[in-house]
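A closer look at the structure
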Amino acid sequence: MKRILLMGNPNVGKSVVFSRLTGVHVTSANYPGTTVEYTQGSMMVRGEKCILIDVPGTYGLHATSKAEEIAVEMLKNADAVINVADATNLERSLHLTMHLLQQPIPLIVALNIWDDARHKGIHIDANRLEQELGVPVVPTVGITGEGIKKLIERIPDKPRTPAIEMTEQDRWTEVGRILSIAQSLEHRHHTFLEFLGDLSVKPATGIPLAVLVLTVSFTLIRLIGESLIGYVFEPLFENGWRPVLEALGGRMRPGGLLYTLLLGELVDGRIDFVQSFGLLSTGLFVAFGMVFPYVFSFYLVLSYLEDFGYLPRLAVLLDTLMHRLGLHGWAVIPMLLGFGCNVPGIMATRVLENSRERLIASTLVSIAVPCASLQAMMWGILGPYGSQYVAMVYAALFVVWIVIGRILNRVLAGESPELIMEIPPYRFPPLRTVGYKLWRRMRGYVKEAVPFVLAGVLVVNLLHFLRVFDFLAQAMAPVFTQLLGLPKEAGLAILMGFFRKDVAVGMLGALEMSPHQLVISVTVLAMSFPCIATFVVLAREIGVAGLLKAFAIMLVSSLAVGICLNLIL
Amino acid sequence: MSEKRLALTEVAAGETVRVCAIEGGHGIHDRLQALGIRAGVSVTKVSDSFAHGPIVIRHGQTQTALGRGICQKILVEAV
């Protein structure tokens, strides 16, 4: 099959064009460097099925970065290249085109973000551009699909005579010459979005704005999550699902294995969705009634901020702080993603430059960044005693994040590299693209996280039934009772955290501890073992040696923090 | 007659200057060049460094954030 490459600078809407061409939607975001791993799909060109590869964004073909190395490698066996250019930033886009013209491969240019260019007063004569470049040029709007059909029709299939060898200086001169012929700029004033963009990076206005944005986002996430639980999911479980479970219970022997596994133990003579611990009662309720609404509202808000273009600006503001932790500003992306789920957070550490940064960032995410599931359970269990207790857990985790980061920065050899980062313009993202991204992420949650929740509940139930827990609790009791001041059963819950932290918090909730004991156990739980999914991803991303380091840090720090909290509270 | 050369860090926010040279090794030179930051290009400083943080510049249609250390290596002159 023919292989067609989709190439362009970072953040030119390449991934959106890819999804238009193949019908496969890939995750794209309004910040450079989203596509670190490449995606491929298939498309039809003149009745022939071809493979389309979404190559990581590159500025040139010097192989100076990992992304460019991959791109150069892929070019060696490509049958055609679709070069996605940003019409609002033609100069830099054409610089890559100059590089591609030197390859003997059939080439076509998609002049993307064509609509925005018009709004910004940038007039490009596509025909003149086509004459000057000597390859087809098609204006496109990835997000609406305009021009995509024509782009496919015009993909050339004949090899091209490569352009003559040029120096870097020649390329920029040639780009300048072409621009003077094919592009004219209308003088115009700053738009409101550009003005807002400038305000968000200037420290005096940017820091208050960041506080505002984060406060509003956090409030929105809570509000949407709580409303979904209160008005949709709880009524659904109480009025719709409870009668089904009760009917089912009537056909089984209470206290039997099957009854215990599926429905759990009755609390005050009826099924309790939080404490019964059956697969169909607590298992489903934790996954859908408590966690799903928060994961949904988190990703809704994050996806919007991402596509609006806010995150790179936050990265600029936080760069200095992140340097103290051995990272640079860009590392806020994995951190923020980690608040949704640690797995994508750790995977996003790939945007960082070296393995030292990736180790620091992944360790910090897995220890000190609570995922949405965990946070939902924190609020669920501690919230009723007052939000000051939830705040204590967040505060403890924040201190841990800073302290561990600073220690790792001191201990590990090497330095954190300096920031070089393109800042995309603010754009109001079409709701359709935000919606699709949200849908992809929620599907990921249901497919990947929900089975773990159910498996976790099942395992707890089996171990409980077989009295394995009583034995373990006895063995580990001294650590928990003496050092952490917790009942010995809390140890089990924390061990359970390996399967699923949210389930484990549910177990803590059933133990009738004081609010202070709950704060200690929830904090220790949040910091200690990562859930099994995070564990697997950690091993994959930073290697087994890295994982063992992270694991050792985890054990030592969670125990230390637990002891400290026990002394303070 | 050439004007006095300054490092980009010494320019006030809001000013537009022309890049005349980039000091430092090939790596940094190539990365900046690929972003379109090279000798002869006009750049406007959007925001200054705060607590040794990065500087944001506008050049052509793009904005780029650069670490302070990198900006010390970018020599500019008034236009």
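Residues numbered from 1 in each chain as written. Chains lettered and ligands numbered in written order. Predicted model: local features only at pLDDT ≥ 70, side-chain atom pairs only at ≥ 80, totals over all residues.

Some thoughts on the overall build of chain B
If you tally the helices and strands in chain B, you get two helices and six strands. In chain B, the order of α-helices and β-strands from amino to carboxyl end is β-β-α-β-β-β-α-β. Taken against the 2.2 N^0.38 rule, which gives 12 Å for 79 residues, the C-alpha radius of gyration of chain B at 11 Å falls within 12% of a compact globule. Within chain B, buried positions represent 38% of all 79 residues. Counting only contacts in chain B whose residues sit at least 6 apart along the sequence, the fraction spanning at least 24 positions is 55%. (Helix = DSSP H or I, 4+ residues; strand = E, 2+ residues; numbered from the N terminus. Rg over C-alpha atoms; globule rule 2.2 N^0.38 Å. Buried ≥ 20, exposed ≤ 12 C-beta atoms within 10 Å, placed from the backbone. Contact = placed C-beta atoms within 7 Å.)

Quick word on the domain arrangement of chain A
By a widespread convention, an interface's size corresponds to the accessible area lost as its parts come together. With domains assigned, chain A is organised as domain 1 (2-185) and domain 2 (201-260 + 279-568). The straight-line distance from the C-alpha centre of domain 1 of chain A to that of domain 2 of chain A is 39 Å. (Domains from an automatic or database assignment.)

Considering the interface of chain B and chain A
Across the boundary between the two partners, chain B contributes 26 residues, which contact 25 residues of chain A. The residue makeup of the side of chain B that touches chain A, split by class, is ten nonpolar, 13 polar and three charged. Two elements, strand β9 (residues 420-423) of chain A and strand β5 (residues 62-66) of chain B, share four bridges in a ladder whose sense is antiparallel. Bridge pairing in β5(B) places A:I423 opposite B:Q63. (Nonpolar A, V, L, I, M, F, W, Y, C, P; charged D, E, K, R; others polar. Pairing = 2+ DSSP bridges.)

Observations concerning unusual backbone geometry
Even without a glycine there, the phi angle at A:I113 is positive, about 60 degrees. Of note, the phi angle at B:H52 is positive, near 65 degrees, even though the residue is not glycine. Mapped onto the elements, B:H52 comes out in the loop between β3 (42-47) and β4 (55-59). Taking the C-beta count within 10 Å as the criterion, B:H52 has 11 such neighbours and is therefore assigned exposed.

Some words on the confidence of the model for chain B
Low pLDDT means the predicted atomic positions in that stretch should not be read closely. In the predicted model, chain B carries a mean pLDDT of 88, and the fraction of residues at 70 or more is 96%. For this predicted complex, the interface score ipTM comes out at 0.91, alongside a pTM of 0.83. (pLDDT = per-residue confidence, 0-100.)

Re the environment of A:H99
All names here are of chain A. Inspection of the secondary structure assignment puts H99 in helix α3 (residues 90-101). A tally of 25 C-beta atoms within 10 Å means that H99 is categorised as buried. Residues H99 and Q40, spaced 59 residues apart in sequence, show a C-alpha to C-alpha distance of 23 Å. Beyond its immediate chain neighbours, meaning those up to four positions away, H99 contacts G60 and L61.

Some remarks on the sheet that holds strand β5 (residues 107-112) of chain A
Note: strands within a sheet are paired through backbone hydrogen bonds, in either parallel or antiparallel orientation. All names here are of chain A. Spatial strand order, β2-β3-β1-β4-β5-β7: six strands in an open sheet with mixed pairing. Taken across any chain shown, the strands that pair with only one partner, and hence form the sheet edges, are β2 (39-45) and β7 (137-139). Strand-to-strand twist of the sheet, defined as the mean angle between neighbouring strand axes without regard to direction, takes the value 25 degrees. Bridge count between strand β4 (residues 80-86) and β5: six bridges; the pairing is parallel. Bridge assignment links V81 to a residue of β5, and that residue is L107. (Axes fitted to C-alpha atoms, helices over the stretch in contact; angles between N-to-C directions.)

Points about the nonpolar core
Within soluble globular proteins, side chains that are nonpolar tend to cluster in buried spots. Residues and elements named next belong to chain A. Among the nonpolar cores identified, the biggest contains 174 residues, and A110, V332 and V522 are the most heavily contacted of them. Lining this core are residues from two domains, each supplying at least three of them: domain 1 (2-185) and domain 2 (201-260 + 279-568). With residues up to four places along the chain from it excluded, the contact list for V522 reads M378, I381, L382, V393, V505 and L508. (Core = buried A, V, L, I, M, F, W, Y, C linked by C-beta atoms within 7 Å.)

Section: helix α22 (residues 515-527) of chain A
Between its terminal C-alpha atoms α22(A) stretches 18 Å, which fits the 18 Å expected from 13 residues at 1.5 Å a residue. The buried count for α22(A) comes to eleven of 13 residues, which makes it a mostly enclosed element. (Expected span 1.5 Å × (residues − 1).)

Quick look at the packing of helix α9 (residues 203-250) of chain A against helix α11 (residues 279-308) of chain A
Residue and element names in this part refer to chain A. Running from N to C, α9 and α11 cross one another at 155 degrees; their axes reach a closest spacing of 9 Å. Here α11 runs roughly antiparallel to α9, going by the angle between their axes. Seen along the crossing, α9 lies across α11 with a hand that is right-handed. Each residue belonging to the contact of α9 with α11 can be placed in one class, and the counts come to 19 nonpolar, five polar and one charged. (Parallel < 35°, antiparallel > 145°, perpendicular 65-115°, else oblique. Left-handed = near helix turned anticlockwise from the far one by under 90°.)

Notes on the environment of A:K202
Residue and element names in this part refer to chain A. For K202, the position within the fold is in the loop between α8 (192-201) and α9. The partly exposed category is assigned to K202, around which 19 C-beta atoms lie within 10 Å. Taking the C-alpha atoms as reference points, K202 and R313, 111 residues apart in sequence, are found 9.5 Å from one another.

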